[in-house]
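# Residue-level structure breakdown
Chain residues, written in single-letter form:
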Amino acid sequence: MASKTHIIIAVVTVAVILIGIATYYLTTRPSTTLSNTSVSTTATISSLPHNAVPLPYNASNHTVFLYIVSVTTGTPYNFNGTSNGQLRIYIPAGWTVIVYYTSQEGSMPHNLLIVQNDTAVPNNPNIANDGKILLYVGTTPSTYLFHGLMGGQSASGSITLPAGIYWFACGIEGHAESGMWGVIISSSSVTVPYAVVTS
């Protein structure tokens, strides 16, 4: 019973963090970031799976906005307080993902890569040995193993994802292998973007 209570508390905490971060960025970013289009976070919430958190998106241009933060609490190898694939993001197939990544972690650099993985979990210090890197946020193709963002720094990037399963992971050597990764599922059966935290 206590374990179930801890899981519920963790899910609620991450949901609040995700919604808070999305609200913060949507209210503080210049309007040109969203190209003066209308962004929705409330569509068909009742049709989402249990414990799902709706993500901000623009249905007219098939764009979803991901606000990912490496927080200072818990393990330093985290995305929005989660690790080891606990954060799962579901998007409609063929939509464009715009990622806003912020590292609050001040003791070591982090970056965010989107990877078309070919292993179930990262199991190599160099994430490129576990799949094909499709997007580099906060680093470059030649520096991702050692270069990233320090505390308080932010970066962004975008990519269109066909149907498939992908990772978002830190590319710094050994970080993904230490748990700094999550999952993006792009599927034609998803109609609105959402996130779920698994145990």
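Residues numbered from 1 in each chain as written. Predicted model: local features only at pLDDT ≥ 70, side-chain atom pairs only at ≥ 80, totals over all residues. Heavy atoms only, no water.

### Observations regarding unusual backbone geometry
As a reminder of what qualifies: Here a strand is any run of E in DSSP of at least two residues, a helix any run of H or I of at least four, and the numbering for each starts at the N terminus.
If you check the backbone angles, H62 has positive phi at about 55 degrees while not being a glycine. In this structure, H62 sits in the loop between β2 (57–58) and β3 (63–70). Even without being glycine, N80 reaches a positive phi, approximately 55 degrees. As for its placement among the helices and strands, N80 is situated in the loop between β3 and β4 (87–92).

### Notes on the sheet that holds β3
Under the convention used in this document: Here the rule is simple: two strands pair whenever DSSP picks up at least two bridges between them.
Judged by pairing direction, the sheet is mixed, and its four strands sit side by side in the order β2-β3-β5-β8 without closing on themselves. Edge positions in the sheet fall to β2 and β8 (153–160), since each of these pairs with one other strand and no more. Pairing of strand β5 (residues 96–103) with β8 involves eight bridges; the strand directions are antiparallel. Along β8, the bridge assignment pairs S103 with Q153.

### Details of the packing of aromatic side chains
Going by this rule: Only Phe, Tyr and Trp rings are paired, with Trp represented by its six-membered ring, and only when their centres lie within 6.5 Å; those with planes under 30 degrees apart are stacked, over 60 edge-to-face, the remainder tilted. The rule is simple: take the accessible area with a 1.4 Å probe, protein chains only, and divide by the maximum for that residue type; under 20% is buried, over 50% is exposed, in between is partly exposed.
Scanning all chains against the criterion turns up seven aromatic pairs. Their ring planes at 10 degrees and their centres at 5.0 Å tell us that Y67 and Y100 sit as a pair that is stacked. With a gap of 33 residues between them, Y67 in strand β3 and Y100 in strand β5 connect regions that are remote in the sequence. Each member of the pair, Y67 together with Y100, is buried. Here the aromatic rings of F79 and Y101 are separated by 5.9 Å at their centres, their planes lie at 75 degrees, and the arrangement is edge-to-face. A residue pair is termed long-range when its members are at least 10 positions apart, and F79 in the loop between β3 and β4 and Y101 in strand β5 qualify at 22 residues.

### Comments concerning the environment of E173
Applicable threshold: Whether two residues are in contact is decided by their heavy atoms, any of which lying within 4.5 Å being enough.
As for its placement among the helices and strands, E173 is situated in the loop between β9 (164–169) and β10 (181–187). On a C-alpha basis, the gap between E173 and N126 in space is 5.6 Å, while along the polypeptide they are 47 residues apart. When neighbours within four sequence positions are excluded, E173 is seen to be in contact with P125 and L145.

### With respect to the nonpolar core
General note: in soluble globular proteins, nonpolar side chains tend to be found buried as a group. For clarity, the cut-off: The criterion is simple. A nonpolar core is a set of buried Ala, Val, Leu, Ile, Met, Phe, Trp, Tyr and Cys residues joined through side-chain atoms within 4.5 Å.
If you look at the biggest cluster of nonpolar residues, it comprises 47 residues, and the most contacted ones within it are I89 and I114. The residues touching I114, leaving out its near neighbours within four places in the chain, are V99, K132, I133, L134, L135, I159, L161, Y166, W167, F168 and I184.

Shape descriptors only; they carry no functional weight alone.
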